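# Commentary on secondary and tertiary structure
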Amino acid sequence: MSSHLANIDRKRLEQSIDELGRIGETPRGGLTRLALTDEDKRGRDLMVRWMREAGLRVTVDQMGNIFGERAGSQALPPVMMGSHVDSVPTGGKYDGQLGVLCGLETIRALNAQKIRTRHPVTLAIFTSEEGARFQPAMIASGVMAGKIALEDAYNARDKDGIRLVDELERIGYLGSEPCVPRPFRAYLELHIEQGPLLEEAGLSVGVVDGIVAISWARLTIHGVQDHAGPTPMRIRHDALVAAAEVVTGARTIATELGGDLVTTVGNLVVHPNIVNAIPGKVTMSIDMRDPRDETLEVARRCLDAVVEVACEREGVRYELEHYWRVPYTPFAHDVVAAIERAANAAGARWRHILSGAGHDAQYMAAIGPAGMIFVPSRGGRSHCEEEFTPMDDIEHGAATLFLAVLDLAGRV
Ligand SMILES: [Zn+2]
């Protein structure tokens, strides 16, 4: 039986999720649809077909971003909904996909109810959000926001040396519309939470206030490579021993500063990485995130101290580069307020929440009023085949999106 919460057709939405989810489906029910592969093309083609069938005017820009516009009664900037249809390897069917499909459902519901809006309503699909094949992540919204040069994005290469621009052309999505900031009344992105908070609280919707500040550092430790046998412990300068102290030190920074700070050493390369040699060199990454820029600044200074102490103790040289920093991205008050009203009107149980992950909405917030709607991730898990969001929650999220769009676009 299909319900019609705020005109959302649950059954139609569920069928679309299933159908798009079959393109690049893994044997264990996950999704592998890397950016600009044949699977990505098939996913895009299906979306474009559905967008045209819904009466949208579809255009593609120089970065392969797809826009489908539903005209408004006046020549005003559109209310945009968007997300992405690429995935990580053996990822899930909800990350990105859900935002695009709930956006499509919103358009279909507007059509079914013959609702006219003052502002146009546009559905956007951003190219290569995940950064799994081409780095950096969110590359196409980054170009659109003027934060990444088009040339640099075009020259991004995958691990086989294939250029992004060549793949765009190959799959037929090298469009002609300039990829530049465009005016919009609001940008709304529905996305899975990718954390456990909504599920733990038994809520369907998160009204996202902003995206946490992020700091990335790269540490290279130069020890002395030597034989694991004849070299006495007292004369060793082991790069990995110093690195190990930094790994646990990074954890201690988070536990001691507390609050919402999270720290992760996710990449560690040991050289020569063999059984019988003392590691002569280690490179590692340190990812730190906090909603408060000031806390992140303190964490950075703590990291500097941890690294200095660890390397001094082991008698090794090091270079520490803090090479990437994004400040806290607050979402627009009027958009957040519209999402709140919509969540209430949809009868959703909701709370305010922050995003710990980057999204296209982060770059969109740099050029116009943006906001996000989260729906729960079972077990807090994402970027894996177990990624799952129950239909009841998706329905409440979609209804919230629909009502927020209607609110911001203005019903005629
Ligand atoms: Zn995503």
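Use the structure listed above.
Heads up: these notes are all about the structure in this document. Once a new chain begins, its residue numbering starts again from 1 and follows that chain's sequence as written. Per-residue local features are limited, in this predicted model, to residues with pLDDT of at least 70; the limit for side-chain atom pairs, both in listing and counting, is 80 or more; totals at the level of whole chains, interfaces and linings are taken over all residues. Note that water and hydrogens are dropped before the side-chain values are worked out from all heavy atoms of the structure.

Relative accessibility decides the category of a residue: with a 1.4 Å probe and only protein chains considered, values under 20% of the type maximum give buried, values over 50% give exposed, and everything between is partly exposed. In DSSP terms, a helix is any run of H or I states spanning at least four residues, a strand is any run of E spanning at least two, and both are numbered starting from the N terminus. Counting buried positions along strand 16 (residues 370-375) yields six of six residues, so the element is predominantly enclosed. Here strand 5 (residues 186-192) pairs with strand 16 via six bridges, running parallel. Counterpart to Ile 192 in the pairing with strand 16 is Val 375. Sheet topology places strand 6 (residues 205-211) next to strand 16; three bridges connect them, and they run antiparallel. Counted as the bridge partner of Val 207 is Ile 373 from strand 16. By the convention used here, strands pair only if DSSP detects at least 2 bridges between them.

On to the pairing of strand 3 (residues 79-84). Most of strand 3 sits out of view: six of its six residues are buried. Across the two faces of strand 3 the burial is the same, with Val 79, Met 81 and Ser 83 and Met 80, Gly 82 and His 84 all buried. The pairing of strand 3 with strand 4 (residues 121-126) spans six bridges and is parallel. Bridge assignment links Met 81 to a residue of strand 4, and that residue is Leu 123. Note on handedness: a crossover is taken as right-handed if, strands pointing away from the viewer, the path from the first strand over the helix to the second is clockwise. Note that the unit made of strand 3, helix 3 (residues 97-112) and strand 4 has a crossover that is right-handed. Alignment of strand 3 against strand 5, held across three bridges, turns out to be parallel. Directly across from Val 79, in strand 5, lies its bridge partner Ala 186.

Coordination sphere of the zinc ion, protein contribution only: His 84 (NE2), Asp 95 (OD) and His 191 (NE2), at 2.0 to 2.1 Å. For Na, K and Ca the donor cut-off is 3.2 Å, and for all other metals it is 2.8 Å, counting N, O and S atoms only; because water is absent from this set, sites may look incomplete. Within one chain, the residues donating to the zinc ion are spaced in sequence as H-x10-D-x95-H. With His 84 in strand 3 and His 191 in strand 5, this residue pair connects regions lying 107 residues apart in the sequence. For the pair His 84 and His 191, a shared accessibility class is recorded, and that class is buried.

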